[in-house]
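# Fold and contact review
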Amino acid sequence: MIWNETKECMSRDELANLQSARLRKMVSRVYHNVEYYRKKMQQIGLEPGDIKDIEDINKLPYTTKQDLRDNYPFGLFAVPRSEIVRIHASSGTTGKATVVGYTRKDIETWQECVARILVMGGLDHDDIVQISYGYGLFTGGLGAHYGVENLGATVVPMSTGNTKKQITMMEDFGVTAICCTPSYLMYLTEALEENGMVDKIKLKKAFLGAEPWTENMRREIESRLHISAHDIYGLSEVMGPGVAGDCKFHTGLHIAEDHFYPEIIDPETLEPVKEGETGELVFTTLTKEALPLFRYRTKDLTSITYEKCECGRTSARISRFKGRSDDMLIIRGVNVFPSQVEAALLEVAETTPNYMLVVDRVNNLDTLDVLVEVEERFFSDDIGELERLSKKIAHTLQQALGIQPKVKLVEPKSIERSEGKAKRVIDKRVLD
Amino acid sequence: MITQQVSVFIENKEGRFLRVAELLKDHNINIISFSIAETEEFGMLRMVVSDPAKTVKVLKEGEYSARLTDVITVKLPNEEGTLFGLLKVIADSGNNIRYMYTSLGDDGPIVIKTTNQEDVVAALKKAGYEV
């Protein structure tokens, strides 16, 4: 089944015409309503009239997360605040969150895109869908929720945590599909197996996102739970979950290209790469009213294909993500930059000691160990003093990162160095 | 008397104390007294050695965090009630013992770290201890 055959299966020529028309309108609206972009365009001598069709998109300036932060909270909104019906936010690297807003029409677009992906994965209005993404400022919970309601299926809004209750509801309500992070489903799978519940539940599908995962994880989840698992991708800056998702052929994630125009660029030169080559994914929002973005750099590395899929959809497909072009780590769904750790250590210790982040996955939950070398100047004959230092570092890091790390004090020079430079991150999680 | 003790930060892992002992052996340093305090992740090795300044130098060259701390060393006959007597003098002087350990040999000193070192040394001397 296809939710919106007109849009999802339109010919590439028709699609280009639609994208061109939408881009022209969007650029003109942004120019007149967002001072930040108007100035940026004026600096490079670009006028709205210079953008005639979708091919002209490369004349537009790029947007980064920093631009959103610089305009915190509502500086990039293109509509009066009174037209905003919802705010979401994601954790910021240095205190300030990245804030996004939606008009009523944006919410409609969002629920349309999510519904497309749910149908792509084989759901219909008869399904009962458990949402085990967090509800709140994070886009996962509410984003998926509205999509399921739009489809007409039944929502079980569980949010995160309380695995025992999640399993009870799943069994009692006859839940047929779940939306959550892949690591949480792995965790849930184990709990289901331990309780001998796998054959008692009616689960058939899973829509997993907000974290990088692999084909191996998909196969493992599918065989252990006897379900089919689908990838749902998105980021709050562009919209939230629903920007792209994969169909039953699992040959890449279909992008809702009538709403989000994708480009793949070389993160160094910022030039486009050839079809099929790996680069950084960039999105221009074509229809968003509240927060339209020009060429937003996602930092996610992937490749793209424009070939028609076996499922009949003509939309471009991106491959599974191959990493990031910055050093961001996603730990328990939270974005963590090593620079945040550095800043927090600086706060505690005045100058940065040598440190290393060790990320691992124990019982399918991410763990973060922060190793800190006990240099001469921190060292005291008093054990209590050292333990206080360790606790203070842990507390400061928790405040800064939003997740609880385990701090380990280690001997000086014990952290691995390559060419004199300390290695900052070891990610032991297996993501192929 | 007040002696300089060497404190070393070591991780709570196999072979760590061994490496320190090897380093000191190689530099002909004798360990007279030692103790290891343990936490979940790290340990604190404290020792009275034949040459404290050299020990710290050797350890720093070996990339350890080490430092000198003043401790009290007292000779105590290995007899009934002597430890009680010593502890009573310290308690009566109104000071608290932070840590304390004994020596490897028969006639080695007892090592004591208290809240006010000078105060305790004076009290011990007054009570006739060989400090």
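Residues numbered from 1 in each chain as written. Chains lettered and ligands numbered in written order. Predicted model: local features only at pLDDT ≥ 70, side-chain atom pairs only at ≥ 80, totals over all residues. Heavy atoms only, no water.

## Some points on the packing of aromatic side chains
Quick note on the threshold: Stacked, tilted and edge-to-face pairs are distinguished by plane angle, under 30 degrees for stacked and over 60 for edge-to-face with tilted covering the rest, among Phe, Tyr and Trp rings (Trp via its six-membered ring) whose centres lie within 6.5 Å. Put simply, DSSP H or I for four residues or longer makes a helix, DSSP E for two residues or longer makes a strand, and each gets a number counted from the N terminus. Think of it in three bands: residues with accessible area under 20% of the maximum for their type are buried, residues over 50% are exposed, and the middle band is partly exposed, with areas taken using a 1.4 Å probe on protein chains only. Sitting over a ring, as applied to charges here, requires NZ of Lys or CZ of Arg to be within 6 Å of the ring centre and within 35 degrees of the ring normal.
Under the counting rule described, the total for this entry stands at 11 aromatic pairs over all chains. Seen in terms of ring centroids, A:Tyr233 and A:Phe321 are 4.5 Å apart; in terms of plane orientation they differ by 35°. Their pairing is tilted. One end of the pair, A:Tyr233, is in strand E7 (residues 228–235); the other, A:Phe321, is in the loop between strand E14 (317–318) and strand E15 (329–331), and 88 residues separate them in sequence. Its relative accessible area of 8% is what places A:Tyr233 among the buried residues. Judged by relative accessible area, which is 24%, A:Phe321 ranks as partly exposed. Within the aromatic cluster, the residues linked to one another by ring pairs are A:Tyr36, A:Tyr37 and A:Phe294. Over the ring of A:Trp213 we find A:Arg320; its NZ or CZ atom is 4.6 Å from the centre of that ring. The ring of B:Tyr99 carries B:Arg46 above its face, with NZ or CZ at 3.6 Å from the centroid.

## Here's the deal with the layout of surface pockets
Residue and element names in this part refer to chain A. Where we set the bar: Residues are called lining when one of their atoms sits within 4 Å of a cavity or pocket point, these points coming from a 1 Å grid over the protein atoms alone, where a cavity is a set in which a 1.4 Å probe fits but cannot get out and a pocket is an open set with protein on both sides within 12 Å along at least five of seven lines. Grid points are joined across faces, edges and corners, and a volume is the space filled by probe spheres set on the points. Put simply, Ala, Val, Leu, Ile, Met, Phe, Trp, Tyr, Cys and Pro go in the nonpolar bin, Asp, Glu, Lys and Arg in the charged bin, and everything else, Gly too, in the polar bin.
Taken as a whole, the second largest pocket spans an internal volume of roughly 280 Å³. If you trace the second largest pocket, you find 15 residues lining it, with Tyr261, Glu263, Pro272, Val273 and Tyr306 closest to the centre. Class assignment of the residues belonging to the lining of the second largest pocket gives a composition of 9 nonpolar, 1 polar and 5 charged.

## Considerations on the pairing of strand E2 (residues 31–38) of chain B
Residues and elements named next belong to chain B. Where we set the bar: Strands qualify as paired when DSSP identifies two bridges or more between them.
Direction of pairing for E2 relative to strand E3 (residues 42–49): antiparallel, over a ladder of 7 bridges. Bridge pairing in E3 links Ile36 to Leu45. The hairpin turn running from E2 into E3, its antiparallel successor, is 3 residues long.

## Remarks on the interface of chain A and chain B
Definition in use: Note on contacts: a residue pair qualifies if any of its non-hydrogen atoms lie within 4.5 Å across the two residues. A quick way to say it: buried area is the sum, across both parts, of accessible area lost when two parts are put together, with a 1.4 Å probe. Put simply, a salt bridge is a Lys or Arg side-chain nitrogen that is within 4 Å of an Asp or Glu carboxyl oxygen. N or O atoms within 3.5 Å of each other form a polar contact, as long as, within protein, one can give a hydrogen and the other can take it, and as long as residues adjacent in sequence are counted only when both atoms are side-chain atoms.
Facing the 19 residues of chain A at the interface are 25 residues of chain B. Taken over both partners, the interface formed by chain A and chain B buries close to 1,800 Å², and the fraction arising from carbon and sulfur atoms is 53%. When the buried area of chain A at its contact with chain B is split by residue, A:Phe379, A:Asp381 and A:Glu411 rank highest and sum to 42% of it. Between A:Lys406 and B:Glu41 there is a salt bridge, and its shortest N-O distance comes to 3.4 Å. Run the count over chain A and chain B and you get 10 residue pairs in polar contact (both at pLDDT 80 or more). At the level of secondary structure, the elements contributing two or more residues to the side of chain A that touches chain B comprise helix H11 (383–401) and strand E19 (406–410) of chain A. No other element matches E19(A), which puts 5 residues into the side of chain A that touches chain B. In terms of residue class, the side of chain A that touches chain B is made up of 8 nonpolar, 2 polar and 9 charged.

## Overview of the sheet that holds strand E6 (residues 205–208) of chain A
Residue and element names in this part refer to chain A. Put simply, the rule is: Axis lines are fitted to C-alpha atoms, over the contacting stretch for helices. Their N-to-C directions set the angle, which ranges from 0 to 180 degrees.
Read across the sheet, 9 strands follow the order E4-E3-E5-E6-E7-E8-E9-E14-E13 without closing on themselves; strand pairing throughout is mixed. Single-partner strands in this sheet number two, and they are strand E4 (154–156) and strand E13 (304–305). In the sheet, E7 pairs with strand E8 (residues 240–246) via 4 bridges, with the strands oriented antiparallel. Looking at the pairing, Gly234 lines up with Pro241 of E8. Lying over the sheet, helix H7 (residues 163–173) contacts strand E3 (128–131), E4 and strand E5 (177–180), oriented at roughly 175° with respect to E3.

## A closer look at the packing of helix H8 (residues 182–194) of chain A against helix H9 (residues 215–225) of chain A
All names here are of chain A. Put simply, the test is: Roughly parallel here means an angle under 35 degrees, roughly antiparallel means over 145, roughly perpendicular means 65 to 115, and every remaining angle is called oblique. When the near helix sits turned anticlockwise from the far one by under a right angle, the crossing is termed left-handed; a clockwise turn instead gives a right-handed crossing.
Direction vectors running N to C along H8 and H9 enclose 30°, while the axes themselves pass 11 Å from each other. Between H8 and H9, the interaxial angle falls into the category roughly parallel. At the point where H8 passes H9, the crossing takes the left-handed sense. Of the residues in H9, those in contact with Pro182, Ser183, Leu185, Met186, Thr189, Glu190, Leu192 and Glu193 of H8 are Met217, Glu220, Ile221, Arg224 and Leu225.

## Observations regarding the domain arrangement of chain B
Residues and elements named next belong to chain B. Heads up, the condition is: What fixes the domain bounds is an automatic or database domain assignment.
Each domain of chain B was delimited in the assignment, giving domain 1 (2–67) and domain 2 (71–126). Distance between the C-alpha centres of domain 1 and domain 2: 22 Å. With 11 residues of domain 1 in contact, the opposing surface of domain 2 contributes 12 residues. Taking both partners together, domain 1 and domain 2 bury about 990 Å²; carbon and sulfur atoms supply 58% of that area. Its largest share of buried area at the contact with domain 2, domain 1 owes to Ile2, Thr3 and Gln5, together 42% of the area lost on that side. Counting across the domain 1 and domain 2 interface gives 0 salt bridges. Run the count over domain 1 and domain 2 and you get 5 residue pairs in polar contact (both at pLDDT 80 or more).

## Regarding unusual backbone geometry
All names here are of chain A. Cis geometry is found at the peptide bond from Tyr72 to Pro73, where omega equals -10°. Here Pro73 is to be found in the loop between helix H4 (65–70) and strand E1 (84–90). A positive phi angle is found at Leu270, which is not glycine, with a value near 65°. By secondary structure assignment, the location of Leu270 is in the loop between strand E10 (260–265) and strand E11 (279–285). Take Leu270: its relative accessible area is 29%, and that puts it in the partly exposed class.

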